[in-house]
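Spelled out from the first residue to the last, the chains are:
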Amino acid sequence: MSPSFVHNYVSPKGTSLGMAIEASGSRIRLTRVTFDATGNTALTSTQVFITPSTHKRTPALFFDYVAFCIREFLHTSKLDNSAADDFLQSFLPIGISIGLPVSGECRVDEDAKEDSLGLRGSNVARKLCDAITRSHLPVRVTSITNNTVSALVAANHADKTTQIAVSFNHGINAAYFESLTNVEYLAKNSISDTVAINTEIGRFGCISKQNMQMLPLTMWDRRIDRESRHPGARILEKLIADQYLGEIVRNLITDFMDCQLIFISESCEVKPISKEYAFHTAYMAPIMEDTSVDLASVEAIFAAEFGIHNTCYSDRLVVRRLCEIVAKRASCLAGALLASLVEHLGNADVSVAVSGVLFDVNQRIYQDAVETMEMLGKEGCSVSVVLQARCADLVGAAVNAASF
């Protein structure tokens, strides 16, 4: 867990910039947000940049490219000329959202295994400010927060009852507002009475010599963990995230094929389905939703994507059931995650903002997760769940910038 100070008690004003940097550094998104007199969003414009591989070799090269992206965005948005008229008075505030765990001092967590840019332990704010200074850009960095914290800020800006934000993407994470009195070592360091907590909940259940297995795992779960880039790490994430659900189903399917339980035909093509991560999580929803007499959607997916033709009805039925089982477990775990956060806050009425590609591609998982959360919740506790747009972290970064 890592705390982040956000000025959610201040109404944003004027024009600010928001920037979102993926953990891999492959994509950089920039937005311009103008707030009206009441603090509501009046105007937005967004631009996406794809980072060339040559600019990800060192942190210095990467942040120089980030500065280049800011310059291009300012030019495209026609903000560079207005800034030049009165350089000292026209520094635009920019808030940064990054897909890595960062501390209140803007340092990337030393345990950030997903870091592919070599930023662990680095002060991201300092590196970015240095690059901006070298490029003579009329912007000032006001905040750097994890992308889930930024999504929480955006949700809270839209609805002050929102105290929790959870993202279900290729990884999973959650953030919530905590009373500063419960964070003793920060109690005297802020004028705010709340602080945003980045839980890094995907790390739950990590396996080590000191920390025995905390979550029940199947042989397929252990196989995926063993063959992953970081064995023993982010176990809960590997049971829920979009990146892994399809791979769990694929392993089940190939094992059923090895046992000659499905796709027994000698002419059955096996190479495409045998490739790691070939079965995308996005395939699960149309398979689960197929209620036709002959399960035509299941047949079409396996014929078009894997070259497996002439499947029989029982094969398709087994595949659909495997998808349902994996999806149901993921939704139950996701619902338990949401319920635990709501219970921790102890509020009678609270809103939870959820986002992520997992719910975008599979509405059944979303619905079952909400049902599980409601089933596990306390009686008399009213919890509303709101689906956020994918750009929520970007808007949250801009809100952060305009509030400082």
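Note that the coordinates shown come from a computational prediction; the quantities given were computed from them, not determined experimentally.

Novice: Which parts of the structure should I look at to understand the packing of helix H1 (residues 59-76) against helix H3 (residues 124-134)?
Specialist: What describes two packed helices is the angle between their axes and the distance between those same axes. Here H1 crosses H3 at 60 degrees, and the two axes come no closer than 9 Å. Looking at the two axes, H1 sits oblique to H3. Crossing hand, H1 versus H3: right-handed. Residues Pro59, Ala60, Phe63, Asp64, Val66, Ala67 and Ile70 of H1 touch H3, and the partners they reach there are Val124, Lys127, Leu128, Ala131, Ile132 and Arg134. By residue class, the composition of the contact of H1 with H3 is 10 nonpolar, no polar and three charged.

Novice: Sorry if this is basic, but what is going on with helix H11 (residues 313-345) here?
Specialist: Each α-helix turn comprises 3.6 residues. Residues three or four places apart therefore point the same way. The terminal C-alpha atoms of H11, which comprises 33 residues, lie 48 Å apart, in line with the 48 Å expected from a rise of 1.5 Å per residue. Note on H11: the residue one or two positions beyond its end, Gly346, has a positive phi of about 70 degrees.

Novice: What am I meant to see in the pattern of salt bridges here?
Specialist: Two side chains carrying opposite charge are able to pair once their charged atoms lie near each other. In this structure the tally under the stated criterion is 16 salt bridges. Its salt-bridge partner being Arg203, residue Glu200 comes within 3.9 Å of it at the nearest N-O pair. Residue class for Glu200 comes out buried when judged on its relative accessible area of 6%. Its relative accessible area of 21% is what places Arg203 among the partly exposed residues.

Novice: Mind showing me how you'd approach the layout of surface pockets here?
Specialist: Empty pockets left among the atoms are what a rolling probe the size of a water molecule brings to light. Of the volumes computed, that of the largest pocket is approximately 1300 Å³. In terms of lining, the largest pocket is formed by 40 residues, of which the most central are Ala23, Asn147, Asn169, His170 and Gly171. Within the lining of the largest pocket, the residues separate by chemical class into 12 nonpolar, 16 polar and 12 charged. Looking at the second largest pocket, its volume works out to about 220 Å³. Around the second largest pocket sit 13 residues that line it, and Ile201, Phe204, Leu236, Leu337 and Ser340 are the ones nearest its centre. It is H11 that contributes the most residues to the lining of the second largest pocket, six residues altogether. For the lining of the second largest pocket, a count of residues per class yields 10 nonpolar, three polar and no charged.

Analysis parameters
- Residues numbered from 1 in each chain as written.
- Predicted model: local features only at pLDDT ≥ 70, side-chain atom pairs only at ≥ 80, totals over all residues.
- Heavy atoms only, no water.
- Axes fitted to C-alpha atoms, helices over the stretch in contact; angles between N-to-C directions.
- Helix = DSSP H or I, 4+ residues; strand = E, 2+ residues; numbered from the N terminus.
- Parallel < 35°, antiparallel > 145°, perpendicular 65-115°, else oblique.
- Left-handed = near helix turned anticlockwise from the far one by under 90°.
- Contact = heavy atoms within 4.5 Å.
- Nonpolar A, V, L, I, M, F, W, Y, C, P; charged D, E, K, R; others polar.
- Expected span 1.5 Å × (residues − 1).
- Salt bridge = Lys/Arg side-chain N within 4 Å of Asp/Glu carboxyl O.
- Buried < 20%, exposed > 50% of the residue type's maximum accessible area, 1.4 Å probe, protein only.
- 1 Å grid on protein atoms, 1.4 Å probe; cavity = no way out; pocket = protein on both sides within 12 Å on 5 of 7 lines; lining within 4 Å.
- Points joined across faces, edges and corners; volume = space filled by probe spheres on them.

Distances and angles like these do not, on their own, reveal function.
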